[in-house]
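Fold and contact review
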Amino acid sequence: MTKLVGIFGYPLAHSISPAFQQAAFDSYSMDVRYEAWPVPPDDLERAVGKLRAEPYMGANVTVPHKQQVMEFIDTIDPVAARIGAVNTIARSGESLTGYNTDATGFIRSLRERGGFEPRGCRALVLGAGGAARAAVFGLIDEGVESLAIANRTLERAESLANEASPLMEGISAMPLHGDELSRIAATADLIVNSTSIGMRHTDSEGNSPLAGVRINPRSLVCDMVYNPQDTPLLKEARAAGARTLGGLPMLIYQGAAAFEIWTDKEAPVEVMFRAGESAMAESS
Ligand code: NAP
C-alpha cells in the first residue's frame, strides 16, 4: 500500500514542500506519496486524527497551524515544547509525536550554506513569532555571545527575551525601529529576519524590516523569507557589503530533518535542493 505524508496549512497554494519531499522519497524508490493538505483551522483536529492509522506516516505543519496542532498530538518532543510550535508530526502505531525541525534547519543552513559559525557571535533576531522562537533557542544552544530581539510588538520581544533569559545572559529586546536597533544592526555579526516582512503575496511585499538602518558590512544577513528568494533585506545587505543567506536552505534543511524522522534514512539534501530550486523557479 502506498504510504501517505503531507503538509497541513491554510492556504497552501505556494508551498514547495511537496516538490522537494517527493523527490527525496523517489530518490530512495520508496512507495510514498507526499501531498498538500489545505486545512482550515476549524477542521484541523479531524485532519490530524486521520493520521493515526495506515497509510499515514505523518505530516508537516505550516502557517497558521504550528501552535494549535499541539493540542491534538499525544507527545511533544522537548525541542518543540520549548519553541512552542510543531512543524513535523510522526506516527508510531496509533500515537502521534510532534517535533520542531526549524531550529536545526536554521542552524544547519547557517553552517552549510552561509559558512557561518554561530558560537561566540553577536546575533540580532528580527521578529518574535514561531520562526523567531526557533532562531532564538537554536542560537542559544549554539552558544552565541549576545542576542538582541527586535519586534514590531515590543511586548512579544520582551516576553521572548524573558523566557530565554534563564538560558543565557545578555538578551535584550527592542522595537523594530529606533536608535537601539540601529546601534545593534551596525555591530551584529549575524542578522536574522524572522518576520514575514518582504514576503510575496502579503501587504509587506517589497519592504525590508531594516529599511534605512545601517547594516554591519562584516555581518551575515539571513532572511527566513524564501519567496521571493532575493528579498529587499538581502538586497540592502549586499549594498552595505554584508554577506547574505536566503530562506530556501533553511526550508530544505528543516524538511530534510523531517524526512529523517519519518524514514530513519539520511535525507538526500542535494536532490531536495535541486527539486526545491526548480519548484521556486516555476512558481515565480
Ligand atoms: P508568525 O508566528 O505569524 O510571526 C510573524 C512575525 O512577523 C511577528 O514577529 C510579527 O510581528 C512580524 N510581522 C508580520 N507582519 C509584519 C509587519 N507588516 N511589520 C512588522 N512586523 C511584522 O510567523 P512565523 O511562523 O514566525 O513566520 C515568519 C516568517 O518566517 C514567514 O515569512 C515564514 O514564511 C518564514 N519562515 C521561513 C522558514 C524557512 O524554512 N525558511 C521557516 C519558518 C518560517 P508582531 O509580533 O508585531 O505581529
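What counts, and where the lines are drawn
- Residues numbered from 1 in each chain as written.
- Predicted model: local features only at pLDDT ≥ 70, side-chain atom pairs only at ≥ 80, totals over all residues.
- Heavy atoms only, no water.
- Phe/Tyr/Trp six-rings, centres within 6.5 Å; stacked < 30°, edge-to-face > 60°.
- Helix = DSSP H or I, 4+ residues; strand = E, 2+ residues; numbered from the N terminus.
- Buried < 20%, exposed > 50% of the residue type's maximum accessible area, 1.4 Å probe, protein only.
- Contact = heavy atoms within 4.5 Å.
- Near = heavy atom within 4 Å.
- Polar contact = N/O pair within 3.5 Å; in protein donor to acceptor, adjacent residues only side chain to side chain.
- Areas by Shrake-Rupley, 256 points an atom, 1.4 Å probe, with all protein chains shown as cover.
- 1 Å grid on protein atoms, 1.4 Å probe; cavity = no way out; pocket = protein on both sides within 12 Å on 5 of 7 lines; lining within 4 Å.
- Sits in = over half its atoms within 2 Å of the grid points.
- Nonpolar A, V, L, I, M, F, W, Y, C, P; charged D, E, K, R; others polar.
- Domains from an automatic or database assignment.
- Axes fitted to C-alpha atoms, helices over the stretch in contact; angles between N-to-C directions.
- Parallel < 35°, antiparallel > 145°, perpendicular 65-115°, else oblique.
- Left-handed = near helix turned anticlockwise from the far one by under 90°.
- Pairing = 2+ DSSP bridges.

Section: the packing of aromatic side chains
With the rule as written, the count across this model stands at seven aromatic pairs. Between F25 and W262, the aromatic rings sit 6.4 Å apart at their centres with planes inclined by 25°, giving stacked as the arrangement. Of this pair, F25 sits in helix α1 (residues 17-27) while W262 sits in helix α9 (residues 248-263); the two residues are 237 residues apart in sequence, bridging distant segments of the chain. Like F25, the residue W262 is buried in the burial classification. A centroid spacing of 5.4 Å and a plane angle of 75° characterise the contact between Y253 and F273, whose relative ring orientation is edge-to-face. Placement of Y253 in helix α9 and of F273 in helix α10 (residues 269-283) is noted, with a sequence separation of 20 residues between them. One exposure class covers both Y253 and F273, and it is buried.

As for α1
Across the 11 residues of α1, eight count as buried, placing the element largely inside the fold. Listed in full, the buried residues belonging to α1 are S17, P18, F20, Q21, Q22, A23, A24 and F25. Along its buried surface, α1 packs onto β1 (3-9), β2 (32-38), β3 (56-61), α9 and α10. Positioned one or two residues after α1, S29 has a phi angle of 50°, which is positive.

Considering the site of the ligand
Taken together, 23 residues form the shell around the ligand, and within it A131, N151, R152, T153 and R156 come nearest. G130 has a polar backbone atom sitting 3.1 Å from an oxygen atom of the ligand. In this structure, A131 approaches the ligand through a main-chain N or O atom, which is 2.7 Å from an oxygen atom. Within the complex, the protein chains bury 80% of what would otherwise be the 920 Å² of accessible surface of the ligand. The cavity that encloses the ligand is the largest pocket. Of all the secondary-structure elements, those providing two or more residues to the shell around the ligand are α5 (130-141) and α9. Partitioning the shell around the ligand into residue classes produces 10 nonpolar, nine polar and four charged. Two domains each put at least three residues into the shell around the ligand: domain 1 (3-100 + 249-283) and domain 2 (103-246).

Remarks on the packing of helix α4 (residues 102-114) against α9
Where α4 meets α9, the closest approach of the two axes is 7 Å, and the angle between their N-to-C directions is 125°. Classified by the angle their axes make, α4 and α9 are oblique. Note on packing geometry: the crossing formed by α4 with α9 is right-handed. Residue-level inspection shows D102, T104, G105, F106, R108, S109, E112 and R113 of α4 in contact with α9, the latter providing P249, M250, Y253, Q254, A256 and A257.

Here's the deal with the environment of I16
Relative to the helices and strands, I16 is located in the loop between β1 and α1. Distance in space between the C-alpha atoms of I16 and L251 is 9.3 Å, their sequence separation being 235 residues. In this view, I16 contacts L248, L251, G276, A279 and M280; residues no more than four positions away in its chain are not counted.

Digging into the sheet that holds strand β8 (residues 146-151)
Strand order in this open sheet of six strands is β9-β8-β7-β10-β11-β12, and the pairing throughout is parallel. Edge positions in the sheet fall to β9 (171-175) and β12 (243-245), since each has one partner strand and no second. Going across the sheet, the axis of each strand differs from the next one's by a mean of 15°, ignoring polarity. The sheet contact formed by strand β10 (residues 190-193) and strand β11 (residues 220-223) spans four bridges and is parallel. Residue pairing for β11: I191 is matched across the bridge by V221. Sheet strands touched by helix α7 (residues 179-187): β7 (122-126), β8, β9 and β10. Its angle to β9, the strand with the most contacts, is close to 125°. Sitting on the sheet, helix α8 (residues 232-239) is in contact with β10, β11 and β12, with an inclination near 170° to β11.

In short, shape yes, function no, at least from these values alone.
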